[in-house]
Every structure is written in C-alpha cells, then in structure tokens.
Amino acid sequence: MNAEPEKRAAAAQAKLAASAGKLEKSAVQQVDSADRRTELAADRTVLAAERTYAAWIRTGLAALAAGIGTKALLQDLVADWLIFAATLVLIVFSIFCFLAAVWRQIDRSVPPPRPDTRTLPSWLLVGFSGFLAMMSVAALIGIWSQ
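A.B. asks: Would you explain the environment of Ala63 in this entry?
C.D. replies: Along the chain, Ala63 turns up in helix α1 (residues 3–74). Residue Ala63 is classed as buried on the basis of its relative accessible area of 7%. The spatial distance from the C-alpha of Ala63 to the C-alpha of Phe93 is 6.7 Å, given a sequence separation of 30 residues.

Right, here's the structure in full:
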C-alpha cells in the first residue's frame, strides 16, 4: 500500500521533469526565433536603404535628362532666360539628388543590428554619385556656354 503513493509521486516527478525539458527547449527556440527575426529586420533595413539610394539616383537622372531636354524642346517657344532658369533649376536639383543619395545612405541615425546582407561600400556610392554630380555640372556649363 505504501508503494502506490511512491509510484504516483515518481510518475508525477517524471512527468514534471519531461515538462520542464519541453519548456526549456521551447524557451531556446523562442530566443533563437527572436534573434532570427532581429537579423531579418536588419537585412530589410539594409535593403530598404539601398532602394532609397536607387530612388534618389533615379530622380536625379530624370531631373538631369529633363534639364538637358528643356533647352532642346523649348528653344523657339519661350524666352531664352526662362529656358535657362528651368534648365538651371532642374540640373541643380539633379545635383542635390545625387548628393542626398549618398548622404542618406551613409549617414544613418540608427545603424541596423548585425545584418546578414552586406552593404555596398561607401567609397563606391560616393564615387558613383560624385561622378553623376560632375556630369550634371558639366551639362550645366555646356548649356550655359551655348
């Protein structure tokens, strides 16, 4: 008769130990899952920053093309000073876009936590945007000197 309560106590203890083991595995999985979600969020942040950089560059190229095209399209339709003013505004805006692209990409207020995705090298972004800004200045000088 005394053996039965001991068997029940041993069974309950074994059940409790198994439950604790499952709980421990679950806690480890939750920590791993939270860490992975943080890594994925960091990757999304890096990729979003690159999309923003590309959008600034795309806008700058469109403004540069519009500035160059303004002179050709409006040559005999409006006054020369108005053509030059529109061209100036569009090309200066393109230079702003190229510089803002680099500034927004490099100067992040909050760095992402350890992303798996590699970021583009800063020297490449500065070089590419600097080249495009120089082309904008050259286009402006070329249009101004005509």
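A.B. asks: Help me understand helix α2 (residues 80–106) in this model?
C.D. replies: Residues spaced three or four apart along an α-helix face the same direction, because each turn holds 3.6 residues. With 27 residues, α2 should cover 39 Å at 1.5 Å per step; its first-to-last C-alpha distance of 39 Å lies within 8% of that length. Within α2 the residues assigned to the buried category are Ile83, Thr87, Ile91, Ser94, Ile95, Cys97, Phe98, Ala100, Ala101, Val102 and Gln105.

A.B. asks: Just to check I follow, could you spell out the confidence of the model for the protein chain for this structure?
C.D. replies: Should the pLDDT be low somewhere, the predicted coordinates at that spot are not to be read in detail. Taken as a whole, the protein chain shows an average pLDDT of 81; of its residues, 84% reach a score of 70 or greater. When mean pLDDT is compared element by element in the protein chain, α2 scores highest at 90, while α1 scores lowest at 79.

A.B. asks: Would you mind going over the environment of Asp43 with me for this structure?
C.D. replies: Considering the arrangement of structural elements, one finds Asp43 in helix α1. Residue class for Asp43 comes out buried when judged on its relative accessible area of 10%.

About the cut-offs
Residues numbered from 1 in each chain as written. Predicted model: local features only at pLDDT ≥ 70, side-chain atom pairs only at ≥ 80, totals over all residues. Heavy atoms only, no water. Helix = DSSP H or I, 4+ residues; strand = E, 2+ residues; numbered from the N terminus. Buried < 20%, exposed > 50% of the residue type's maximum accessible area, 1.4 Å probe, protein only. Expected span 1.5 Å × (residues − 1). pLDDT = per-residue confidence, 0-100.

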